[in-house]
Amino acid sequence: MPKLLLKFNAAVIKEVAFDKPSLTVGRKDDNDIVIDNPAISGHHCRLTLEGGGYYIEDLESTNGTFVNEKKIKKSGLHHNDVVGLAKHALVFLNEAELAAAGGGPDAGSDKTMVLTPQKQAELIAASAAAAKPAGPEKIGWLRVLKGAADGTSEFELKGMSTYIGKSDRVQIQIKGSGLFGSAPEVAASVHRKPEGFVLVAVTEGYPVVNGAKVSGSVVLREGDMIDCGATTMVFELR
């Protein structure tokens, strides 16, 4: 039986059996897999079994669904694929597919595959390697120049995704004032990608980089100035 490993950064926090034709993922409690994260939509995506194959479909989520770092609307799922959902990930494990591809003695069998602890550790390590971006060796930092919301002056961008906003569940909290009004729950996010550190405007036009409002995304360069409401930060590589 296929299964899913729910991960937060590199840590596996839950194992879910894919034991019915459809599983939904989202922030609301009526989902099969609930992820309590402000960047996850109420009903974010759906995984289905169709005609003997496994698929994932984005349910018009705000921040999108990614398979092996590629944004998708609907995509097939294969053994060891990594579904990116903000700072969380779902690793799809289907040992029956793996056995069939290897032509082993159990290929094509209906027997449920038993995942040994050693094999599970190997698969987790392999999925982590597959999910690791080929970005720069240096680590990105955001240093707060003014408007620190919680007294912290700098933030290490060590995860695959870092979220910015007024919510107490994001990694970097900001202030809003004056013309900006109240800061949004999630204003922006920074993701480690092959091309470097990419800032994404979760709230369109709210983050400002070097004086220009950001709609969509922008690759950050060392020394870039980022304004989110009344909070100003500088991007650095160390």
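This text follows the structure it describes.
Residues numbered from 1 in each chain as written. Predicted model: local features only at pLDDT ≥ 70, side-chain atom pairs only at ≥ 80, totals over all residues. Heavy atoms only, no water.

A.B. asks: What am I meant to see in the nonpolar core here?
C.D. replies: Soluble globular proteins tend to bury their nonpolar side chains together. With 22 residues, the main nonpolar core has L142, I164, V190, L199 and I226 as its most contacted residues. Taken together, the elements giving at least two residues each to this core come down to β12 (140-146), β13 (154-157), β16 (188-193), β17 (196-201), β21 (225-228) and β22 (231-237). For this core, the element with the most residues is β17, which contributes three residues. Among residues more than four places away in sequence, those in contact with I226 are L142, L199, V208, V209, L220, T231, T232, M233 and F235. Of all hydrophobic cores here, the second largest spans 20 residues; its members include F18, Y54, I56 and F92. (Core = buried A, V, L, I, M, F, W, Y, C linked by side-chain atoms within 4.5 Å. Buried < 20%, exposed > 50% of the residue type's maximum accessible area, 1.4 Å probe, protein only. Helix = DSSP H or I, 4+ residues; strand = E, 2+ residues; numbered from the N terminus. Contact = heavy atoms within 4.5 Å.)

A.B. asks: Just to check I follow, could you spell out the sheet that holds β16 for this structure?
C.D. replies: Strand pairing in a sheet relies on backbone hydrogen bonds. The paired strands run either parallel or antiparallel. Spatially, β15-β14-β16-β17-β20 is the arrangement adopted by the five strands of the open sheet, whose pairing is mixed. The strands lining the two open edges of the sheet, one partner per strand, are β15 (172-173) and β20 (217-219). Pairing of β16 with β17 involves six bridges; the strand directions are antiparallel. Bridged to K193 within β17 is G196. (Pairing = 2+ DSSP bridges.)

A.B. asks: When you look at the sheet that holds strand β11 (residues 88-93) in this model, what are you seeing that I'm missing?
C.D. replies: Taken together, six strands build an open sheet; the order of strands is β2-β1-β11-β10-β7-β8 and the sheet is antiparallel. Two strands in the sheet have a free side with no partner beyond their single neighbour: β2 (11-17) and β8 (70-72). Each adjacent strand pair in this sheet contributes to an overall mean axis angle of 30°, direction not counted. Sheet topology places strand β1 (residues 3-8) next to β2; six bridges connect them, and they run antiparallel. Bridged to L4 within β2 is V16. (Axes fitted to C-alpha atoms, helices over the stretch in contact; angles between N-to-C directions.)

A.B. asks: Is there a simple way to explain the pattern of salt bridges in this structure?
C.D. replies: Side chains that carry opposite charge are capable of pairing whenever their charged atoms lie near each other. Tallied over the entire structure, the rule returns nine salt bridges. Its salt-bridge partner being E57, residue R46 comes within 3.8 Å of it at the nearest N-O pair. One end of the pair, R46, is in strand β5 (residues 45-50); the other, E57, is in strand β6 (residues 53-58), with eleven residues separating them in the sequence. For R46, a relative accessible area of 29% corresponds to the partly exposed category. (Salt bridge = Lys/Arg side-chain N within 4 Å of Asp/Glu carboxyl O.)

A.B. asks: Sorry, what's going on with the packing of aromatic side chains here?
C.D. replies: What characterises a pair of aromatic rings is the spacing of the ring centres plus the angle enclosed by the ring planes. Tallied over the full model, the rule gives four aromatic pairs. Aromatic pair F18 and Y54: ring centres 5.0 Å apart, planes at 65°, arrangement edge-to-face. Residue F18 is found in the loop between β2 and β3 (22-26), and its partner Y54 is found in strand β6; the two are separated by 36 residues along the sequence. Of the two residues examined, F18 and Y54, each falls in the buried class. Taking 6.4 Å as the distance between ring centres and 80° as the angle between the ring planes, the aromatic pair formed by F18 and F92 counts as edge-to-face. Linking F18 in the loop between β2 and β3 with F92 in strand β11, this pair joins segments that are 74 residues apart in sequence. With respect to burial, F18 and F92 carry one shared label: buried. Site record: aromatic cluster; members linked through ring pairs are F18, Y54 and F92. (Phe/Tyr/Trp six-rings, centres within 6.5 Å; stacked < 30°, edge-to-face > 60°.)

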